Amino acid sequence: QVQLVEPGGGLVQPGGSLRLSCAASGRTFSTVVMGWVRQAPGKEREFVARISRNGGSTYYADSVKGRFTISRDNAKNTVYLQMNSLKPEDTAVYYCAAGNVITTIPSLYMYWGQGTQVTVSS
């Protein structure tokens, strides 16, 4: 079992930046693949980014590539999502997720955080 807690989120102006964090407990953090998934109102959950167990491999959705950066600190059991050049269309509830497979398919992640709201608006 992995428990995931996401503080943070909030309101930011277009073009601004925000960093999300997600703290894990339970299973050894370095044994799970981590990802970020978002869900906008009225839409399905959308893969955002994922990172391998040792942090050596990352992958991004085309919609965020070059603007978002996923990273992890296995000593702190924490994964991060640095979001720059934010756009109104980035507005969504952001979830961190953990699993056993390296995937871009949200339903294949086994463990989920509670989600945090990110709103990009002037």
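Our subject is the structure listed above.
Residues numbered from 1 in each chain as written. Predicted model: local features only at pLDDT ≥ 70, side-chain atom pairs only at ≥ 80, totals over all residues. Heavy atoms only, no water.

**Student:** An account of the pairing of strand β5 (residues 46-51) is requested, with residue identities and associated values reported.
**Tutor:** Summarising burial for β5: five of the six residues are buried, a large majority. Sheet topology places strand β4 (residues 33-39) next to β5; five bridges connect them, and they run antiparallel. What sits directly across from G35, in β5, is R50. Between the end of β4 and the start of β5, which pair antiparallel, lie six residues, with G42 showing a positive phi angle near 75°. When β5 meets strand β6 (residues 58-60), the two strands line up antiparallel, connected through three bridges. In the strand pairing of β6, R50 is matched with Y59. In sequence, β5 turns back onto β6 through a hairpin of six residues, with G55 there showing a positive phi of about 80°. (Buried < 20%, exposed > 50% of the residue type's maximum accessible area, 1.4 Å probe, protein only. Helix = DSSP H or I, 4+ residues; strand = E, 2+ residues; numbered from the N terminus. Pairing = 2+ DSSP bridges.)

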